[in-house]
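Structure at a glance
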Amino acid sequence: MEMCRLLQDNDRAINDVDESKSIRMNFFTIHKTSEGKSRAGEITTDHGVVQTPIFMPVGTVASVKTVHQRELKEDIKAQIILGNTYHLYLRPGMDVMQKAGGLHKFMNWDQPILTDSGGFQVFSLADTRKMTEEGARFKSHIDGSYHMFSPERSMEIQRQIGADIFMAFDECTPYPCEYNQAKTSMELTHRWLKRCIDWTEQNPELYGYKQRLFPIVQGSTYSDLRKISAEVISEAGAEGNAIGGLSVGEPEEEMYRITDEVTDILPKEKPRYLMGVGTPWNILESIGLGIDMMDCVMPTRNARNGMIFTWQGVVNLKNEKWKDDFSPLDEFGTSFVDQEYSKAYVRHLFVSKEYLGKQIASIHNLAFYLDLVKVAREHIVAGDFYEWKKSVLPVLRQRL
């Protein structure tokens, strides 16, 4: 697949108002917009610069499953990873985290980190949690002990973790969701946001570098609620914004529709993060709708079950057809595993239940996802992103 070359003049920025002017901020810079909403930018943090659009590997418990930090950095080319407040709070706990000097030092990762607020995990514990105006009381999945997350407590934990970007505490609604439930939940999320902002303004960072709070748009699949929420979140004046409550079971078309409506409202000069998305085709469609940041457990979770994503389509390595296929795992892949191991060998590892198979497939999938957003960025810069997306999507979706 032919790669488009990046423009050399990265200082030239374009917006949809005046192509001669730059959108320049300390935190987020837009370098190039395509003919639609897609754009190529840079997020500048104290732990490094992230080129957008970007996919963030999920490192739930200070570890991207089966993958070393060295592989994340040198082979996968991850620019930013995600940690989980709920899980890190339970293990190793904040005493250990603070003694280590924060998550970066604890896991030996010197590049940017984003943490979620724990809200989605609390949402997933529907049978063992209780929501009130104060916050969420929930039962640990580890030992059954009870804990309380309020907006203030979530902020405090994320201060102690020390991520470069951290999320406001919100309530994520299920799909389907009744209108009144979605409205009540959205309004609670907005009230919690004010408490999150108040707490962060009164409590400085712990480790000597800047942390940035992103609020989250909610409202389920109801356009009027999403519009209200996007306007409230925009008015909060944060340095970036997130869209939550999607990729929770709704049809893809609904996810795209809501994303499109919300990105019409969220500030153009600030990064937009679509939480929990998704497949390679979800990612490209979202970029086309103006999304800059995405994360999902799919590349590693599917990899551990023998499924890999490639530029030619989706491969189930457990299938009999790969038993004596000694071609490279992925001839167009960018990581070392793609050329060093054959499909037949990796299939053998899965059939034999060898852990190395999970590791190889995870490295491949994450490297592919990072390559996917890198190539998407190149086509945005070249000005042909939508034409390229239209041609590549059917290929990415096909089963080999």
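Just above, that's the structure.
Residues numbered from 1 in each chain as written. Predicted model: local features only at pLDDT ≥ 70, side-chain atom pairs only at ≥ 80, totals over all residues. Heavy atoms only, no water.

**Description of the environment of Leu266**
Positionally, Leu266 belongs in the loop between α9 (252–263) and β14 (272–274). Taking the C-alpha atoms as reference points, Leu266 and Glu74, separated by 192 residues in sequence, lie 34 Å from one another. Not counting residues up to four positions away in its chain, the partners in contact with Leu266 are Val217, Ala230, Ile233, Ser234, Asn241, Ile243 and Arg272. (Helix = DSSP H or I, 4+ residues; strand = E, 2+ residues; numbered from the N terminus. Contact = heavy atoms within 4.5 Å.)

**Quick notes on the sheet that holds strand β12 (residues 216–217)**
Taken in spatial order, the five strands of this open sheet run β4-β15-β14-β13-β12, and their pairing is parallel. The open sheet terminates on both sides in strands that have one partner only, identified here as β4 (54–56) and β12. In terms of strand pairing, strand β13 (residues 241–243) meets β14 through three bridges, oriented parallel. Among the inter-strand pairings, Ala242 is bridged to a residue of β14, identified as Tyr273. (Pairing = 2+ DSSP bridges.)

**So, the pattern of salt bridges**
In this structure the tally under the stated criterion is 19 salt bridges. Two residues, Asp260 and Lys37, come together in a salt bridge whose shortest N-O distance is 2.5 Å. Of this pair, Asp260 sits in helix α9 while Lys37 sits in the loop between β1 (28–33) and β2 (39–45), placing them 223 residues apart in sequence. A residue is classified by how much of its surface remains accessible, and Asp260, at 30% relative accessible area, is partly exposed. (Salt bridge = Lys/Arg side-chain N within 4 Å of Asp/Glu carboxyl O. Buried < 20%, exposed > 50% of the residue type's maximum accessible area, 1.4 Å probe, protein only.)

**Quick notes on the packing of aromatic side chains**
Following the criterion strictly, the structure yields 17 aromatic pairs and no others. Plain terms: the ring middles of Tyr341 and Tyr345 are 5.7 Å apart, the flat faces sit at 20° to each other, and that makes the pair stacked. Residue classification places Tyr341 among the partly exposed residues on the basis of a relative accessible area of 21%. Through pairs of rings, three or more aromatic residues link up here, namely Phe55, Trp281, Phe309, Trp311, Phe368, Tyr369, Phe385, Tyr386 and Trp388. For the cation-ring pair, Arg137 lies above Tyr146, with the distance from its terminal atom to the ring centre recorded as 4.1 Å. (Phe/Tyr/Trp six-rings, centres within 6.5 Å; stacked < 30°, edge-to-face > 60°. Lys NZ or Arg CZ within 6 Å of the ring centre and 35° of its normal.)

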